[in-house]
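So the chains spell out like this:
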Amino acid sequence: MAKRIHLTELGCIACEELSELGAGKEGWLVNNPNLLCALDSHSLALANRFLILIVNWGDPDAPRVKIRPDLSPIEAESITAIEWLVLDDIRVVVAGTSCGYLLVYSTAGDLIHKQIVHPSRILKLRVRGTKKDLMQETSSEEICIVLPGIIARFDGSNIQSMLQRWLQEKNSNFWDQKSRKGDREDSGTLYQRLPYQIWNVNKNGVCVDATITGIMPPPLLEHQSSQRYYCAVTIGEDAVISAYRLSEDRGRSLVGAILSKVVPAAASTIASFSKLIWRSNDQSPKRKPEAKAQSFARASSLTCIKDYPRKGEKLTLSPSGTLAAITDSLGRILLLDTQALVVVRLWKGYRDASCVFMEMLAKKDKGKAVIHTEPVKSDYCLCLAIHAPRKGIIEVWQMRTGPRLLTIQCAKGSKLLQPAYRFGSNSSSSPYIPLEVFLLNGDSGQVSMLNRSLS
């Protein structure tokens, strides 16, 4: 009987440039908490505190790109999150910093966009989308940005418009001319500010990871409301799991509403009166006003699970947003139904584990004839890949209550990665692309893909 092969080798990232990120030492990929990874269909972006390196693992002769963001040395600013943004033929790298800035770079290393989200450390960048179907009444695409106790959302349509506008300006040779006019002091006026929403979700304790799971119904007394409500799930040290209803409304109390009207008007009047008394010299240099943090929209707590000393560590979301896998400090993995907000499954004995959702081809009944050659969405079943580094294995479990389908041995110092979500992939006309999972061996640099078939 032939031995089953569950991994397909695709390429290698080994190169001299990786030495700047610590490559060459055993466990360099997984032991450095400041080393970040983001995978695209054929490229890998790695970042430490001050450097972003883009390596094409599909083409060993492709040039490697080094990006050194212009970070603030006074505030010891560093790169704290990284992800890919993919729209048709446009591929860009998004980075978050410890000062709360969102940076968008082209694969050539050009700065496309820079914007302050909130003056705090960006912990995570999530790019995702949901397609309209029987379970989802509407489709949406978004970038979710996680900060300590805070979650922000950029709508995918605004991101796509920004990328398409940049590409048009680049093709018109206007982008380079604009870039030469600005420096760090006026960089805030060089890029058009993207609208976004932001919520404070630290009512049950500061979160270490969070995600927006999707759109949820309004409260019972607000059925006629035209605004959207989102459901957010957070994990942290105080509360293992918390859930919130996020409103688009920035509604505040009556006192807050009065102060928001009176204080700016009073400040404006005082400033105008001061200018009449002390006329400033027009020849003095004008300083650019500092970027102001956006006010929070309303977030209502729905539920939380507190179980000291258990702490939530990592969170991953299924493509539909209906399931979330959460690892905790006691070596357990919780499978959360994000609509009912209940834990539906529990695994024990997986310390330091990481989880990724994937799709595998379901076994066909022998009596059924195969009509189509290319697999469609209904041919796949949702699974959860669990990487247990202490055991040196990867397990694949069928969702929600299915059996363990695979157990794969993996080398020490390996890491599970998943390609970034592609904007526009929700189109019904485009062929279905299943969720794939890749394994990066840090010691050898080998990139492999978990096979989607059990045979």
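In this text, all values refer to a predicted model and were calculated from it rather than measured experimentally.

Rules used in this analysis
- Residues numbered from 1 in each chain as written.
- Predicted model: local features only at pLDDT ≥ 70, side-chain atom pairs only at ≥ 80, totals over all residues.
- Heavy atoms only, no water.
- Helix = DSSP H or I, 4+ residues; strand = E, 2+ residues; numbered from the N terminus.
- Buried < 20%, exposed > 50% of the residue type's maximum accessible area, 1.4 Å probe, protein only.
- Areas by Shrake-Rupley, 256 points an atom, 1.4 Å probe, with all protein chains shown as cover.
- Pairing = 2+ DSSP bridges.
- Axes fitted to C-alpha atoms, helices over the stretch in contact; angles between N-to-C directions.
- Contact = heavy atoms within 4.5 Å.
- Salt bridge = Lys/Arg side-chain N within 4 Å of Asp/Glu carboxyl O.
- Phe/Tyr/Trp six-rings, centres within 6.5 Å; stacked < 30°, edge-to-face > 60°.
- Lys NZ or Arg CZ within 6 Å of the ring centre and 35° of its normal.

Looking at the overall build of the protein chain
(1) Moving on: The helix and strand tally for the protein chain stands at 5 helices and 29 strands.
(2) Moving on: With 455 residues in all, the protein chain has 46% of them scored as buried.
(3) Moving on: When the accessible surface of the protein chain is summed, it comes to about 24600 Å², and 52% of that surface belongs to carbon and sulfur atoms.

Considerations on the sheet that holds strand 11 (residues 140–147)
Strands in a sheet are paired, the pairing made by backbone hydrogen bonds, and the direction either parallel or antiparallel.
(1) Moving on: Across the sheet, which stays open at both edges, the 4 strands sit in the order 10-11-12-13 with antiparallel pairing between neighbours. At either margin of the open sheet sits one strand with a lone partner, and together these are strand 10 (124–130) and strand 13 (197–200). Across this sheet, the average inter-strand angle for adjacent strands is 20°, counted without regard to direction.
(2) Moving on: Pairing geometry for strand 10 and strand 11, over 7 bridges, is antiparallel. The residue of strand 11 that forms the bridge with R128 is E142.
(3) Moving on: Strand contacts of helix 2 (residues 156–171): strand 11 and strand 12 (150–155), with the helix running at about 55° to strand 12, the strand carrying the most contacts.

Notes on the side chain of S318
(1) Moving on: Structurally, S318 is set in the loop between strand 18 (312–317) and strand 19 (323–328).
(2) Moving on: Overall, S318 belongs to the buried group, its relative accessible area being 1%.
(3) Moving on: For S318, the residues in contact, after removing those within four places along its chain, are R128, L323, F357 and L382.

Details of the pattern of salt bridges
(1) Moving on: Using the criterion set out here, one finds 13 salt bridges in the structure.
(2) Moving on: Where R310 meets D328, a salt bridge forms, and the shortest distance between an N and an O atom there is 3.4 Å. Linking R310 in the loop between strand 17 (299–305) and strand 18 with D328 in strand 19, this pair joins segments that are 18 residues apart in sequence.
(3) Moving on: Looking at D328, the relative accessible area reads 2%, which means it is buried.
(4) Moving on: Where E436 meets R452, a salt bridge forms, and the shortest distance between an N and an O atom there is 2.5 Å. Taken together, the residues E436 in the loop between strand 27 (422–423) and strand 28 (438–441) and R452 in the segment after strand 29 (446–450) connect sequence positions 16 residues apart.

Details of the packing of aromatic side chains
(1) Moving on: Taken as a whole and assessed by the stated rule, the structure comprises 5 aromatic pairs.
(2) Moving on: Seen from their ring centres, W199 and Y230 are 6.2 Å apart, and the 65° between their planes marks the pair as edge-to-face. Of the two residues, W199 is situated in strand 13 and Y230 in strand 15 (residues 229–236); the sequence distance between them amounts to 31 residues.
(3) Moving on: Between K114 and the ring centre of Y101, over which it is positioned, the NZ or CZ distance is 4.9 Å.
(4) Moving on: Over the ring of Y350 we find K391, and its NZ or CZ is 4.2 Å from the ring centre.

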